[in-house]
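Below, each chain spelled out in residue letters.
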Amino acid sequence: MTLRTDLLPALAAFESAARHQNFAHAAEELHLTASAVSHHVRKLEGRLGIVLFQRHARGVSLTAEGRQLADAASNAMADMDSVLGALHRSRADDDVVRITTLHSLAYAWLLPRLPRFAAMHPRVRLHVDTEHSLTRFDEGGPDVGIRYGQGHWPGLSAQPLMEDALFPVASAKLDGFEQVRDAADIAKLPLVADLSRQGWQDWFRAAGVRAPRFNERYSFSDSTGALMAAVQGLGAALARDKIVTPYFADGRLVRLPGPTVPTRFSYFVVTPSHRRPRPAARAFIDWLLNQPGQPDPGAAPTQGVAPSRRKVRQ
């Protein structure tokens, strides 16, 4: 026989009764009365022309035919639950944006700006990943990335976000800080480095300082570690303009004399080439691309306060 829609309530009642082996428990689950469940079951039995339950004083039990239909109905209900759950999760995921970026940029540049994005898009949920390794943009992976490089990554579309620059910084508690008058004096300090391809040798060359034996005492895998080492007074560090602002804002670091050197790499917004960004991701991308050049209200200046008796040279 062909399944008709008017049998669906009866099938639902039967599936619950078969699972509980009890009409009263099925009625409680379905917010019906036990007599209503019994009515649905008898309607189904009448349409099929078979007995699905054996009724007895202690309750009900499935017949062989009832067990066969109960297994099929249970599987069908489980499949429906799975599909409905997936549809619900898919709808909820429409408002989730998965982002991958550098820890240093997330901490110093992205996080201070996110309240503005949250105010503009209160329904969008952001998942931010700051792993050091390059994340794969496969299905289920990130929607958006902010990468630092030359703008060419296989399988990704890249849009320029902002350029950057390098200059030296230190804590006022660093031994020898007060004796620094010019770029050449920095070469006498203990230095902190990170794994960036542009480092102290490049900066000294740009500053016109011949320092073949400068003391690069500490090295960290990322710029956050290098800047925090400088905060502790371990040495002078090369800071990137876009991530040092919070350290200037609370006075943990100040800028040292010497030139600002443009970096060879820039920041790019990247998305997987094989799929179009969903609306929430598109909103985040558009917001990101409008950030450079817009100062944060109340933000500290991008340059710290150098020792009072010397003038910082650009």
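The present account deals with the structure reproduced in this document. On a predicted model such as this, the values are computed, not experimentally measured, just so you know.

Val169, Leu253, Phe284 and Leu288 are the most contacted members of the largest nonpolar core, which has 36 residues in total. When residues of this core are assigned to their parent elements, the largest contribution, 6 residues, is made by helix α11 (residues 279-289). Not counting the four nearest positions on each side in its chain, Leu288 is found in contact with Trp109, Leu110, Val144, Ile146, Leu161 and Val269.

Before going further, it helps to examine the side chain of Thr101. Inspection of the secondary structure assignment puts Thr101 in the loop between β3 (96-100) and α5 (103-110). Take Thr101: its relative accessible area is 5%, and that puts it in the buried class. Of note is the side chain of Thr101, whose polar atom sits 3.4 Å from the backbone oxygen of Ile146. When residues no more than four places from it in sequence are discounted, the contact partners of Thr101 are Ala106, Val128, Asp129, Thr130, Glu131 and Ile146.

Looking now at the sheet that holds strand β13 (residues 266-272). Taking strand neighbours across the sheet as the criterion, the 5 strands line up as β4-β3-β5-β13-β6 in an open arrangement whose pairing is mixed. For this open sheet the edge positions go to β4 (125-129) and β6 (156-162), each flanked by a neighbour on one side alone. Averaged over neighbouring strand pairs, the angle between their axes works out to 25 degrees when direction is ignored. Taken together, the 2 bridges between β3 and strand β5 (residues 144-149) define a ladder with parallel strand orientation. Considered in β5, the bridge of Thr100 is made with Gly145. Strands in contact with α11 are β3, β4, β5, β6 and β13; relative to β6, the strand with the most contacts, it is inclined by about 35 degrees.

About the criteria used
Residues numbered from 1 in each chain as written. Predicted model: local features only at pLDDT ≥ 70, side-chain atom pairs only at ≥ 80, totals over all residues. Heavy atoms only, no water. Core = buried A, V, L, I, M, F, W, Y, C linked by side-chain atoms within 4.5 Å. Buried < 20%, exposed > 50% of the residue type's maximum accessible area, 1.4 Å probe, protein only. Helix = DSSP H or I, 4+ residues; strand = E, 2+ residues; numbered from the N terminus. Contact = heavy atoms within 4.5 Å. Polar contact = N/O pair within 3.5 Å; in protein donor to acceptor, adjacent residues only side chain to side chain. Pairing = 2+ DSSP bridges. Axes fitted to C-alpha atoms, helices over the stretch in contact; angles between N-to-C directions.

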